[in-house]
Amino acid sequence: MNHKKSLTDDIDTKELSVTEDIGDNHIGNLYNVPLRADAFSIDDDTKVVLIQKHFKAIMEILGLDTTDDSLQGTPYRVAKMYVKEIFQGLNPANQPEVKLFDNKYGYHQMLIEKDITFYSTCEHHFVPIYGKAHIAYIPQDKVVGLSKLNRIVQYCARRPQVQERLTIQIVELLKNKLQTDDIIVLLEADHMCIHSRGIQDSQSSTTTLHYSGSFEQESLRQEFLKLVAH
């Protein structure tokens, strides 16, 4: 007699037990998103095909009819969104090019770009994090086009993230690109893992701050915080 494979045949009860034991352990690497050594061994188009297949299986496990007109394109749309959009920052090939210009004006005071909108994804539940980034740096011999600050924020945000790590990554990349240690970054964000699930608190938000160089001086930090305050 032919045995038709059930959706539950591959369940590993030991694996489920281990996952439940981990629970809400949110400790992670603050500097790098955890990536496997072979993270880029396959190209993006192949990743889309593979994710499409697996997401379709998830939908079917949930009981959805993936042949329905409204749902049959969803696995591809989700796969494309993951690879080409919301997680494109995982691939170093997508790092924005940053061209510096001579600081002809001799401007060596604080330069602030505030209210940079960003969208990221909570790596614990794969739901959105969204908010505003406020950046300041003190130019030395070079300055950068303002739009590049926005692009760096977007690049770092387009990954599975925790907000603390995201803040640090933006600072470290800016230090590298702008050739100065005088960087400060403030992120204010809403987390849908708090708003729409779990505690379901729609009013709370999260603020993180990271800085280096001259911004180690409390007076300069306070000046920055005053200038970006709403």
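Below is a short write-up of the structure. Treat the numbers as computed from the prediction; the structure is a model and nothing was measured.

**Concerning the overall build of the chain**
Step number 1: From N to C terminus, the chain includes seven helices and seven strands.
Step number 2: Starting at the N terminus and walking to the C terminus, you meet the elements of the chain as α-α-α-β-β-β-β-α-β-α-β-α-β-α.
Step number 3: For the chain, the residues scored as buried account for 34% of the 230 residues in total.
Step number 4: Partitioning the contacts of the chain with sequence separation of at least 6, the portion at a separation of at least 24 is 70%.
Step number 5: Total accessible area on the chain is roughly 14,600 Å²; 51% of this is exposed by carbon and sulfur atoms.

**A short note on the packing of helix H2 (residues 44-61) against helix H3 (residues 74-86)**
Step number 1: Orientation of H2 relative to H3, taken along the N-to-C sense of each, is 135°, at an axis distance of 8 Å. By the criterion of interaxial angle, the relationship of H2 to H3 is oblique. For the element pair H2 and H3, the recorded crossing hand is right-handed. Where H2 approaches H3, its residues Asp44, Asp45, Lys47, Val48, Ile51, Gln52, Phe55, Lys56 and Met59 are matched on the opposing element by Thr74, Pro75, Tyr76, Val78, Ala79, Lys80, Tyr82, Val83 and Lys84.
Step number 2: Considered class by class, the residues forming the contact of H2 with H3 number 10 nonpolar, two polar and six charged.

**Observations regarding the nonpolar core**
Step number 1: Membership of the largest hydrophobic core comes to 29 residues, with the highest contact counts inside it found for Phe118, Ile135, Tyr137, Ile170, Leu174, Leu178 and Val185.
Step number 2: Taken together, the elements giving at least two residues each to this core come down to strand E2 (111-122), strand E3 (128-137), strand E4 (142-144), helix H4 (146-157), helix H5 (163-178) and strand E6 (183-191).
Step number 3: Excluding residues within four positions of it along the chain, Leu174 makes contact with Ile135, Leu149, Ile152, Gln179, Ile183 and Val185.
Step number 4: Counting nine residues, the second largest nonpolar core, distinct from the first, contains Ala136, Leu186, Phe215 and Phe224.

**A look at unusual backbone geometry**
Step number 1: Residue Asp115 is not a glycine yet carries a positive backbone phi of 60°.
Step number 2: Backbone geometry at Phe126 places phi at a positive 55°, although glycine is not the residue there.
Step number 3: On the secondary structure map, Phe126 appears in the loop between E2 and E3.
Step number 4: The exposure class of Phe126 is partly exposed, given its relative accessible area of 41%.

**Focus: the packing of H4 against H5**
Step number 1: It is the contact of H4 with H5, at a shortest axis distance of 9 Å, that shows an interaxial angle of 135°. Classified by the angle between their axes, H4 and H5 sit oblique to one another. Read as a crossing pair, H4 and H5 show a hand that is right-handed. Between H4 and H5, the residues in contact are Leu149, Ile152, Val153, Tyr155, Cys156 and Ala157 and Leu166, Gln169, Ile170, Leu173, Leu174, Lys177 and Leu178, respectively.

**With respect to the sheet that holds E6**
Step number 1: Reading across from one edge, E5-E2-E3-E6-E7 is the order of the five strands in this open sheet, with mixed pairing throughout. Each end of this open sheet is capped by a strand with a single partner; those strands are strand E5 (160-161) and strand E7 (206-211).
Step number 2: Contacts from H4 reach E2, E3 and E5 within the one sheet, and its direction differs from that of E2 by about 20°.
Step number 3: Together, E2, E3, E5, E6 and E7 form the strand contacts of H5, whose direction differs from that of E6 by roughly 150°.

Thresholds applied
- Residues numbered from 1 in each chain as written.
- Predicted model: local features only at pLDDT ≥ 70, side-chain atom pairs only at ≥ 80, totals over all residues.
- Heavy atoms only, no water.
- Helix = DSSP H or I, 4+ residues; strand = E, 2+ residues; numbered from the N terminus.
- Buried < 20%, exposed > 50% of the residue type's maximum accessible area, 1.4 Å probe, protein only.
- Contact = heavy atoms within 4.5 Å.
- Areas by Shrake-Rupley, 256 points an atom, 1.4 Å probe, with all protein chains shown as cover.
- Axes fitted to C-alpha atoms, helices over the stretch in contact; angles between N-to-C directions.
- Parallel < 35°, antiparallel > 145°, perpendicular 65-115°, else oblique.
- Left-handed = near helix turned anticlockwise from the far one by under 90°.
- Nonpolar A, V, L, I, M, F, W, Y, C, P; charged D, E, K, R; others polar.
- Core = buried A, V, L, I, M, F, W, Y, C linked by side-chain atoms within 4.5 Å.
- Pairing = 2+ DSSP bridges.

Everything listed here is a matter of geometry and, on its own, says nothing about what the molecule does.
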